[in-house]
Amino acid sequence: MNEEIILKEADEQEISINMGPQHPSTHGVLRLVLSLKGEMVQKVEPHCGYIHRGMEKMTESMTYQQIIHLTDRLDYLSAHMNNAAVCLAVEKALDIEVPERVKVIRTIMDELARIASHQLWWCSFGMDLGGLTCFFYGLRDREKILDIFEETTGSRLIQSYYCPGGLMADIHPNFQQKVKEFIKYFRKILPEYDELLSGNIIMMERAKGIGKMSKEEAISFGMTGPSGRGSGFSCDVRKHHPYHAYDKVKFNEVLRTEGDTYARYMVRMDEMRESMNIIEQLIDNIPDGDFAVKMKPIIKLPEGEYYQRVEAARGEFGVYIISKGEKNPYRMKFRSPNFSNLSALDALTRGHKIADLIAIGGSLDYVIPDIDR
Amino acid sequence: MREIYNYFKTIFFALKSLWTGMKVTGAYFFKPWKIVTQQYPENREKLQMFERTKGELVMPHNEKNEHQCTGCGICEMNCPNGTIIVKTVINETPDGKKKKALDKYIYNLGMCTFCGLCVKTCPSDAIVFSNKFEHAVFNKNKLVKTLNKEGSTLKKRAE
Amino acid sequence: MPFTFSIYDFTGFTQWVDATLRGACSPFWATLWEMVIVGVLFLAFYAVVGLYLVYAERKVCAFIQNRVGPNRVGPYGFFQTIADLIKLLMKEIISIKQADKLLFNLAPFIVIVTSFLALAAIPFAKGLHPIDLNIGVFYVMAISSMGVVGILLAGWSSNSKYSLLGAMRSGAQIISYELSVGMSLIAICVLAGSMQLSVIVEQQRDLWFIFKGHFPAITAFIIYMIAATAETNRGPFDLAEAESELAAGFHTEYSGIKFAFFFLAEYMNMFIVASLAATIFWGGWMPLHIPGLESFNHVMDFIPPVLWYIGKTAVIILIMMWFKWTFPRLRIDQLLNLEWKFLLPISLVNILIMAFIVLMGWYIGL
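Here the residue numbering is sequential within each chain, running from 1 through the sequence in written order. Labels are handed out in written order, letters beginning with A for the chains and numbers beginning with 1 for the ligands. In keeping with the model being predicted, local features are shown solely for residues with a pLDDT of at least 70 and side-chain atom pairs are shown and tallied solely at 80 or more, while totals for entire chains, interfaces and linings include all residues. Water and hydrogen atoms were dropped before computing side-chain values, which therefore reflect all heavy atoms in the structure.

Undergrad: Looking at this model, I keep getting lost on the interface of chain B and chain A. Mind explaining?
TA: Residue-level contacts link 26 residues of chain B with 34 residues of chain A. Taking both sides of the interface into account, the surface hidden between chain B and chain A amounts to around 2,400 Å²; carbon and sulfur atoms contribute 61%. Sorting the residues of chain B by area buried against chain A places Tyr-28, Phe-50 and Arg-52 of chain B first, and these three jointly supply 29% of that buried surface. Criterion for a salt bridge: a side-chain nitrogen of Lys or Arg within 4 Å of a carboxyl oxygen of Asp or Glu. Joining chain B to chain A, the criterion identifies zero salt bridges. Two N or O atoms count as a polar contact when they lie within 3.5 Å, although within protein this holds only if one can serve as hydrogen donor and the other as acceptor, and sequence-adjacent residues are included solely when both atoms are side-chain atoms. Counting every contact that joins chain B to chain A gives 13 residue pairs in polar contact (both at pLDDT 80 or more). The numbering of helices and of strands both runs from the N terminus, where a helix is a DSSP run of H or I of at least 4 residues and a strand a run of E of at least 2. Elements with a minimum of two residues in the side of chain B that touches chain A: helix H1 (2-29), helix H2 (74-78) and helix H3 (117-121) of chain B. In what follows, a contact means two residues having at least one pair of non-hydrogen atoms within 4.5 Å. Two parts lose some accessible area (1.4 Å probe) when they are put together, and adding that loss for both gives the buried area.

Okay, structure coming up:
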C-alpha cells in the first residue's frame, strides 16, 4: 500500500475497502468501494461494468427474433419478463393482436418466473444474513419451477420461450397439472419460509429499521419493483399499465410503507402469494387457440420509436426501440430495474454497519448482468 | 414495572421465534427420506431428461443414412451468433440439372446459446435438439461438430 | 501393582501404568514418559476428533438441508475430511508480503495450543482424567479465553482490513461472552460446592445437576449454551469469520495447514465447551440414574462411562450445529446487547437464586 494513502487514512480515521468484484455477497461481479469508520459505512461507491457485454450495441446488428435471446441474459432470473418486453414492443409496433391463449400462457410463465426469482432472492438473502440453510430450501423449491420450465420450454434458466407474435412452442400436455401440483406444494412450504426466517428474531432485528427510504426518495432514485413498493411507491406495471392477461385477473399490488429492509423483504414474500393467486385464476382457464400468430420471416418495424415496459421480478423493465424501418433496430435501450435500484445503495447504507450493507444489498436483490448489460 | 414486563416478553418472544426456526430444520434433520439431491454419475443410467430439453443440435438420420437438410441456409441466417455454417456443393443430376446439396453442416457447440431459432425456422425439420447434456471435452476444437454423417444423402420426398 | 483393566473404571489401569513406569526408571523419567504418552494420545485424539467433527458437521448440515453430504471418499464419505486434510497439507503456504511474519506464523499455534491445553482437564471416564485440578472449571475457562489472543494476532498481523475487522469483532465478542460462560458455570459450582471436575461428576451420581438444580440450573444451561456457542465463534455468532461480510474474517489471508489449524481449533473448541457442558450439567461420564428405580440404574450402569461421556458430548455438539444451521448471523451491536442486557443480568440473578436454593436446600435431592 502507498505510504500516502496510509497517512491519509490515519488522518481521517477512515479506511476504504474494496468489496468485490470477488466477494461472497455481492451476488456476482459488483465492486463496492466502501469508506469505513470502524464498522460504520460512510460512503458506498458502486463500480459497475465488470460484466458489460455491450448488449445494446449488439442488438443493432440483430433481427428482432434474435434479440430475444439476448434479453434472457440481462436479468437471467426474470428471463421470461425480459423476453416479453421485446415481444410486446415489436407486437405493438406492428399492431399485432396475439391470441388469448398466448396472453394467458405468457402471464402464467411470467408469474412462475417471478416466484422462482423471489425464491432465489429468499435463499440469497438468508445466506447474506448468515442463515445458510435458507439457501438450500429456496433452491429445492425453485427446482420444481425449473422442471416445469424445462418440460415446456426446453431450458431451465434462460428459456427464450417467447417470440414476436407468440410462443416458440405450445405448452407441454403436463404443464397444467404440474403447475397445479407446484402451487399446492408451495402453499404448504411457504409458511416454513416464514417460520425459518421471516419470524426469526435475529432476522427481524437485523432488518427492521435498517436502510430506510421514504416514498419521495424512492421515486427520485427510480426504485421500482418490490424495492420501490417497500417504500410505498405504487409502481406495479401489471396494475397501472396492464399487459398480457393482467387486466383479467384479480390481484393486489403489495404495498408497504415502512421503507426498510424488512418491508422490502415482506413485499417479496407477499408477492409470491399474489403470484400464486394469479396462476390459480388462470391455470384452469387457458383458452384454446394458436400458440403464435403467423409472422413474416423477417420482421421490419415501421419507422418510429417504441417503448414497452413490463414488471420484471426486480422492477420495471423497459425496452426502447428506435426503428428506421429496417430489420435491425437503429438503436435499442434497455431500462433495467437493478441499475436504478443500485443507485440508491449509497443513500440506503450511509451510517449503517457493514453487516447492514449486506442485508440492504440482499434486500435490493441485484443481479449484476442486468446492471452492466 | 411495565419495562420489566416488556423485558421478559422480549426474551420469551425471542426464544419462541428461535424455537420455531429450529423446529423446521430439526424436522428435516430427522427426515432423511426428504433428501432431494440426486447422485448424478450413479443415476446416469436411469436419468430421464424432458423430451424438449435443449441439449445439443443434432441432425437425425434414418437407417438409410439419409437426412432432411436441403442446405438452404435459413438456420445459418437465423443463428444470432454464427454457430452454424452450412456448406453446400452443386451436384449435377444425370439428366443435366444442377442441384444444390448439403456438403457439411458445421455446428459449433461452444458458441451455441440454445435460443432454438434454427430448429424453429428450419423449413424441412432437418435439425432437432437432442437431450444429451454432457458436453465436457478437453479440447475446444472438439466442440465444433459436423452434423451430417459421412456419405449421407438427402431423403427423397415421398412421391 | 497387578494389571487390571476395566472399561467401567480406568483407575486401576492408569495406576498400573504409573507403577510400572516408576518401577522401571527414576521418578523424573517416569513423569516425562507419562507426559509423552499422554501427549501422543492427545495428539491422536485431537486429530481424530477434529477431523470427524468436521465430517459430522458436514453430514448434519447436509441432512438439515435435504442433501446427502460428503459421500464420495470411502463409504458414506467417511474419509472425506482426511482427504481434505491431505489437500490442505499439500497446499502452498502463502506468505503475505506486508504481514508481520512472526506474529502471522505464531497466531495459528496460539489458537491450537490453547484448545489443546483445555483438553487436559476434561474427565473422559472414571480414572481417565489427565489432570484432576482442584480448580478444573476455572482452569478450562481461563485457558479457553486465551484463544482470542491468537485470533487477534492473526487479524492484526495479516495486514488486511477484512482480517482486522474480523479480529476486532472477535475480541469484543469473546471478552464479553466469557463473563456469561463463567457466571453460568459458577451457578453450578455453587450447587456442587466444588470446582474440581471429578468431584462435580461424582456428585451427580444420583441425579444430574440439570435436574437437581431444576429451574436455575436449566437457565444456567441455556445461558451456557448461548454463550459457549458465541465463545467458540460459531453458529449465529460467527461474526469474526462472517463469510458473507468479511470474506473469511480473521483467517482470510491464511492458507494450507495454517488455515487448517484455525479450522481444527474451531471444532476442538466446540468439543471442549460441549464436553464441559456435558460434565457440568449432564453428569459427564456418569450414567443416567433416577433415584428409586434400582433396576433401571443397574441397566444404565451397564453402559460404559466413556460411551456416556461421548454420547452426551455428541448431543450437545449436535445442538450447537443445529443452532448454526438454523439461524442468521447477529450484528456486532446486537451481539453485545444480547450479552450485556440479557445474558449477564440474568445469569447474575440466576446465581443469586441458585445460592438461595442451595442455602434453603430446595434442590431436588434424596
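Undergrad: Any chance you could explain the interface of chain C and chain A here in plain terms?
TA: A common way to express how large an interface is: the accessible area buried when the components associate. The partner chain A presents 37 residues to the 25 residues of chain C that form the contact. Roughly 2,600 Å² is buried in total at the junction of chain C and chain A, and carbon and sulfur atoms are behind 58% of that figure. The tally of links from chain C across to chain A stands at two salt bridges. Of the charged contacts in the structure, one is a salt bridge between Arg-331 of chain C and Asp-356 of chain A, with a shortest N-O distance of 2.8 Å. Seen at the junction of chain C and chain A, the total is eight residue pairs in polar contact (both at pLDDT 80 or more). Amino acids outside the nonpolar list (Ala, Val, Leu, Ile, Met, Phe, Trp, Tyr, Cys, Pro) and the charged list (Asp, Glu, Lys, Arg) are all regarded as polar, and Gly is one of them. Broken down by class, the residue content of the side of chain C that touches chain A amounts to 11 nonpolar, six polar and eight charged.

Undergrad: Please clarify how the sheet that holds strand E3 (residues 40-47) of chain A should be interpreted in this entry.
TA: Paired through backbone hydrogen bonds, the strands of a sheet run either parallel or antiparallel to each other. Spatially, three strands are ordered E1-E2-E3 (chain A) in an open sheet, and the strand pairing comes out antiparallel. Whereas interior strands pair on both sides, the edge strands pair on one side only; in this sheet they are strand E1 (15-19) and E3 of chain A. Here the strands of the sheet are splayed against their neighbours by 20° on average, with no regard to which way each runs. Here, a strand pair is defined by DSSP locating no fewer than two bridges between the strands. Note that strand E2 (residues 31-37) of chain A and E3 of chain A share seven bridges and pair antiparallel. Residue Val-33 of chain A lies in a different strand from E3 of chain A, and its bridge partner there is Glu-45 of chain A. Sheet strands in contact with helix H7 (residues 161-192) of chain C are E1 and E2 of chain A, and its direction is about 110° off that of E1 of chain A. Axis lines are fitted to C-alpha atoms, over the contacting stretch for helices. Their N-to-C directions set the angle, which ranges from 0 to 180 degrees.

Undergrad: I tried to follow the pairing of E2 of chain A on my own but got confused; where do I start?
TA: The side chains of a regular strand alternate between the sheet's two faces. All names here are of chain A. With five of seven residues buried, E2 is to be regarded as a mostly interior element. Bridge count between E1 and E2: five bridges; the pairing is antiparallel. Paired with Ser-16 across the bridge in E2 is Ser-35. Adjacent in sequence and paired antiparallel, E2 and E3 are bridged by two residues, among which Gly-38 carries a positive phi angle near 65°. Accessibility here uses a 1.4 Å probe with only protein chains present; expressed as a share of the type maximum, an area under 20% marks a residue as buried, one over 50% as exposed, and anything in between as partly exposed.

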